[in-house]
Amino acid sequence: MCDDADVIVVAFGSTSRSARFAVNEARKEGIKAGLFRLKTFWPFPEERLLELSKKVKAFITPEMSLGMCNGVVKGCIEGNAPVLGIYHVDGEPVNPGEILSKIKEVK
């Protein structure tokens, strides 16, 4: 669902499940959100994200770290769109509601 998306959630690992739920809920509400799920971190899909960055309002990177994915996404999209992070380092998973709230901020 990235081709027509206004906001794209870039997620990996267990956070992808929360992201998928949030994106589906956003779509139900008429918000054009998309999920870009990373299966591996290397090689990083720089070209595809750069291409998408020319069409979207923003990217959201929910992660259970202090911004590892966020920094990589920022580095490959050449400033074409803002990259907003949601960080958890307390062992608690990222909640779909947090992601949906961030999506609504961007729309």
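Residues numbered from 1 in each chain as written. Predicted model: local features only at pLDDT ≥ 70, side-chain atom pairs only at ≥ 80, totals over all residues. Heavy atoms only, no water.

Q: Explanation requested: the overall build of the protein in the structure shown.
A: Scanning the protein from terminus to terminus reveals four helices and four strands. For the protein, the sequential pattern of α-helices and β-strands runs β-α-β-α-β-α-β-α. By the compact-globule yardstick of 13 Å for 107 residues, the protein fits well, its C-alpha radius of gyration being 12 Å. Along the first, second and third principal axes, the C-alpha atoms of the protein reach 30 × 30 × 20 Å. Put simply, the protein has 107 residues, and 45% of those count as buried. In the protein, once contacts between residues fewer than 6 apart in sequence are set aside, the share between residues at least 24 apart is 69%. Working note: accessible area of the protein is about 5800 Å², and carbon and sulfur atoms make up 51% of it. (Helix = DSSP H or I, 4+ residues; strand = E, 2+ residues; numbered from the N terminus. Rg over C-alpha atoms; globule rule 2.2 N^0.38 Å. Buried < 20%, exposed > 50% of the residue type's maximum accessible area, 1.4 Å probe, protein only. Contact = heavy atoms within 4.5 Å. Areas by Shrake-Rupley, 256 points an atom, 1.4 Å probe, with all protein chains shown as cover.)

Q: Explain helix H1 (residues 15–28) here, please?
A: What sets the pattern is the α-helix's 3.6 residues per turn: residues three or four places apart point alike. For H1, with 14 residues, the first-to-last C-alpha span of 20 Å sits near the 20 Å given by 1.5 Å per residue. The set of residues buried in H1 consists of Thr15, Ser16, Ser18, Ala19, Ala22, Val23 and Ala26. One face of H1 carries all of its buried residues, which in axial projection span an arc of 155°. Among the exposed residues of H1, those pointing more than 90 degrees away from its buried face are Arg17 and Lys28. Packed against the buried residues of H1 are strand E1 (7–12), strand E2 (33–38), strand E3 (58–63) and helix H4 (96–106). In the segment just after H1, glycine 30 is the residue with positive phi, at about 85°. (Expected span 1.5 Å × (residues − 1). Arc of directions from axis to C-beta.)

Q: Could you clarify how one ought to interpret a nonpolar patch on the surface in this entry?
A: Side chains of Leu66, Tyr87 and Val89 sit close together on the surface and give an oily, nonpolar patch of about 350 Å² of accessible area. Here valine 89 shows up in the loop between strand E4 (83–87) and H4. (Patch = residues over 30% accessible without salt bridge, like charges linked within 9 Å, V, L, I, M, F, W, Y side chains within 5 Å. Salt bridge = Lys/Arg side-chain N within 4 Å of Asp/Glu carboxyl O.)

Q: Looking at this structure, how should I read the packing of H1 against H4?
A: Between two packed helices, both the angle of their axes relative to each other and the distance between the axes serve to describe the pair. For the pair H1 and H4, the least separation of the axes is 8 Å and the interaxial angle reads 45°. As summarised for this structure, H1 and H4 are arranged oblique, according to the angle between their axes. You can see that H1 and H4 cross each other, and the crossing is right-handed. The segment H1 lies against H4, with Ser18, Ala19, Phe21, Ala22, Val23, Glu25 and Ala26 engaging Pro96, Ile99, Leu100 and Ile103. Its residues assigned to classes, the contact of H1 with H4 shows nine nonpolar, one polar and one charged. (Axes fitted to C-alpha atoms, helices over the stretch in contact; angles between N-to-C directions. Parallel < 35°, antiparallel > 145°, perpendicular 65-115°, else oblique. Left-handed = near helix turned anticlockwise from the far one by under 90°. Nonpolar A, V, L, I, M, F, W, Y, C, P; charged D, E, K, R; others polar.)

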